[in-house]
Amino acid sequence: MTHVLETGFEIMEIQNPNGSPAIKGYNIIAGKLSQSSDGKTFMSHNPAWLDDSLGEFPLSTKDDVHEALVAAREAFPSWASTPAPTRGQVIGNMGRLLMERKEDLVRLQAREIGKTMKECGGEIQEAIDTCLFFQSEGRRLYGQTVNSELPDKELFTYRRPLGVCGIINACNFPSAVPFWKMIPAIMCGNTCVWKSPQDSPLLSFALARIMHEAGLPNGVINLIHGKGSGAGQHLVDAADLGMVDKISFTGSTPVGKMIGETCGRNLVSASLELGGKNPLVVMPSANIENAVEGAYWAGFGTAGQRCTSLGNLIIHEDVYDDFMSRFMEKVMATPIGDSMRYEGVLYGSMLSEKYADDFLKGLEMCEADGAVKLWGSGRVTNENRPTGFQGEAGEGVYMWPHVYENVNEDMRCFHEEIFGPVVTVVKAKDFDDALRLANASPFGLSSACYTNDRLEAFRFKTGIKAGMTGINNSTTGAEAHLPFGGVKESGNGSRESGIWVIESYSYWHAVNDELSGKLQLAQMDVEEIEMEEADADYSGLA
Ligand code: UN1
């Protein structure tokens, strides 16, 4: 087996229509490139140009997952005892390498998941920002000195790593989100097994190699490719075998609940970032043009494939017609296509055929609910294409933008996340009605309110139950140093990013140091101070 840094990328003999190479990809376990134990593989395709193959990757087995977990366990003691500022230096190197390679990674990511180059640029930047933030956090990772209630005794708190972390992320944010997880994990001294998303193995392989180039010791991050139901499930099941100390997952609510149950019965820590049906409220005092921009971006940017994408658009009845006419004008003209070949597109392809199938099922639900379709016609084909579509529709997996109105709380499509370019529109009678509707879905990830009434903005902030809220801003737009996560069906309360994520990858260790040379009992040997008898009369002072 070859060390990950000893080779270039192995090019396969596949002729792609765009001339881009197909790569033979590997797992990386203890710094070594390896195939799956049974030799099985899967291919990664460009969803914006299906004839373009990015390469072939191991379909990892249970044995492969276990081998990666053992490697992470073996690497743990030495990484955990590496000084945190040194761990931070390695992370800083990762950030600098990402900066140097940014342009290539942006193109690779756009090619593998069909997201626009502009958005891929933003996302690689988010991974860089995360590295730079946690480089310096390695010089803090503060604990406290705490006063003891007894003399000649000191108390301390230390942050300790959890151990081996299983990392499972979705392919819609295939670079920022694994970095949100693994960078704080390794900064705290943990080691990781990273199950790459099935639809972005090449990008994951490239990122894991960069991590090693940055000086990461072997076994600290181990990469395994494969299916969620295969390698991903084996990684979760490892909690039942005592092989993993933490699972961090971004993905759907049903899968997150299953992971939470497995972790829960084993008392293994779980970070769960799950779905959303994010509401955006528009009130009459809002700058309507600005609100239209925000709702349009939140609904259709990334082809609606963010967990923070707009779900229910809740509009006050007094501005409903004005808002909707401006909104629909933009929706109908949406520029769509492969951003690697066409300039100025708002969104590209779906992440894969599987995401497209699930999206079409979501549209069927809207139809069955009796929601009124204002725009949209399912999958884009050469015979069925919106005017803004650029290129050959048959080449990739593209969807029309969709808008449904007359949606109400009795409908399933009000409550369920539909991952893709669709917005469900709800009319509200007044602010209280709008706020109630915004809280009525089972989810609580992101939320937004457009208003120029300060009291309304205040009441929205305090009344909404969500992990994140935008005032006069869209539902998306997390930054690397602000806590990211949800409540209700959107997660288990764990947070990513900033100082808050450190809670998810460390535990507090309380240490007391008895210097008196004798046994002093807390509570029982504490000196008691008697109160003085007071005789002053306070009653005539006012
Ligand atoms: C996700 O969709 O899983 O705030 C993450 C945002 C992005 C992150 C989304 N920065 O929408």
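Here the structure is a predicted model, which means the values were calculated and not measured. (Residues numbered from 1 in each chain as written. Predicted model: local features only at pLDDT ≥ 70, side-chain atom pairs only at ≥ 80, totals over all residues. Heavy atoms only, no water.)

**Side note on the environment of isoleucine 113**
Going by this rule: Helix and strand definitions here come from DSSP, where helices need a minimum of 4 consecutive H or I residues and strands a minimum of 2 consecutive E residues; each element is numbered from the N-terminal end. In this analysis, two residues are considered to be in contact whenever any of their non-hydrogen atoms come within 4.5 Å of each other.
Within the secondary structure, isoleucine 113 sits in helix α3 (residues 102–113). Taking the C-alpha atoms as reference, isoleucine 113 lies 7.8 Å from serine 349; in sequence the two are 236 residues apart. Among residues more than four places away in sequence, those in contact with isoleucine 113 are Pro47, Cys171, Asn172, Pro174, Asp199, Ser200, Ser349, Met350 and Leu351.

**Overview of the environment of arginine 101**
So the rule is basically this: Accessible area is worked out with a 1.4 Å probe on protein chains only. A residue is then buried under 20% of its type maximum, exposed over 50%, and partly exposed in between.
Mapped onto the secondary structure, arginine 101 falls in the loop between α2 (84–100) and α3. Judged by its relative accessible area of 27%, arginine 101 falls in the partly exposed class. Each C-alpha atom of the pair arginine 101 and cysteine 307 lies 27 Å from the other, and the pair is 206 residues apart in sequence. With sequence-adjacent residues up to four places away left out, arginine 101 is seen in contact with Ile210 and Glu213.

**A short note on helix α10 (residues 320–332)**
Let me state the cut-off plainly: The span you would expect from a helix comes to 1.5 Å times its residue count less one. It is the directions from the helix axis to the C-beta atoms that the arc portrays.
Taking 1.5 Å per residue as the helical rise, α10 with its 13 residues ought to reach 18 Å, and the 18 Å between its terminal C-alpha atoms agrees with that figure. Listed in full, the buried residues belonging to α10 are Tyr320, Phe323, Met324, Phe327, Met328 and Val331. Buried residues along α10 cover an arc of 120° about the axis, so they all sit on one side. Residues Asp321 and Glu329 are exposed on α10 and point more than 90 degrees away from its buried face. The elements touched by buried residues of α10 are β14 (278–282), α9 (288–300), β15 (310–316), β16 (372–375), β17 (402–405) and β18 (422–428).

**Things to note about empty space enclosed by the protein**
Test applied: Using only the protein atoms, space was sampled on a 1 Å grid; points where a 1.4 Å probe fits but cannot get out form cavities, open sets with protein on both sides within 12 Å along at least five of seven lines form pockets, and lining residues are those with an atom within 4 Å of a point. Grid points are joined across faces, edges and corners, and a volume is the space filled by probe spheres set on the points.
According to the stated counting rule, one finds 4 cavities of 30 Å³ or more in the structure shown. Its volume calculated, the largest cavity comes out at about 110 Å³. Ser309, Leu310, Gly311, Glu417 and Ile418 are the residues nearest the centre of the largest cavity, which is lined by 15 residues in total. Listed by contribution, the elements that provide at least two residues to the lining of the largest cavity are β15 and β18.

**Focus: the domain arrangement of the protein**
The line we're drawing: All domain edges in this entry derive from an automatic or database-based domain assignment. A simple way to read buried area is as the amount of 1.4 Å-probe accessible surface that goes missing from two parts once joined, with both sides added. Within this document, salt bridges are pairs made up of a side-chain nitrogen of Lys or Arg and a carboxyl oxygen of Asp or Glu, the two lying within 4 Å of each other. Any pair of nitrogen or oxygen atoms within 3.5 Å is treated as a polar contact; in protein, a donor-acceptor pairing is required on top of that, and neighbouring residues in sequence qualify only through side-chain atoms on both sides.
Here the protein is partitioned into domain 1 (25–274 + 497–504) and domain 2 (278–479). Just the C-alpha atoms count here: the centres of domain 1 and domain 2 sit 31 Å apart. Together, the buried faces of domain 1 and domain 2 total about 2,000 Å²; carbon and sulfur atoms form 57% of this surface. When the shortest N-O distance is used, the salt bridge between arginine 306 and glutamate 119 registers 3.0 Å. Linking domain 1 to domain 2 there are 9 residue pairs in polar contact (both at pLDDT 80 or more).

**Observations concerning the packing of helix α1 (residues 62–80) against helix α7 (residues 228–237)**
For clarity, the threshold we go by: Simply put, an axis is a line fit to the C-alpha atoms, just over the touching stretch for a helix, and the angle between two N-to-C directions goes from 0 to 180 degrees. Here roughly perpendicular refers to angles of 65 to 115 degrees, roughly parallel to angles under 35, roughly antiparallel to angles over 145, and oblique to all remaining angles. It is the rotation of the near helix from the far one that decides the hand of a crossing: anticlockwise by less than a right angle makes it left-handed, clockwise makes it right-handed. All residues other than Ala, Val, Leu, Ile, Met, Phe, Trp, Tyr, Cys, Pro, Asp, Glu, Lys and Arg, Gly among them, are scored as polar; the first ten of these are nonpolar and the last four charged.
Two elements in contact, α1 and α7, have axes whose closest approach is 9 Å; the angle formed by their N-to-C orientations is 45°. On the basis of their axis angle, the class for α1 and α7 is oblique. Regarding α1 and α7, the two cross each other, and that crossing is right-handed. Along the contact surface, α1 presents Lys62, Val65 and Leu69, while α7 presents Ala231, His234 and Leu235. Each residue belonging to the contact of α1 with α7 can be placed in one class, and the counts come to 4 nonpolar, 1 polar and 1 charged.

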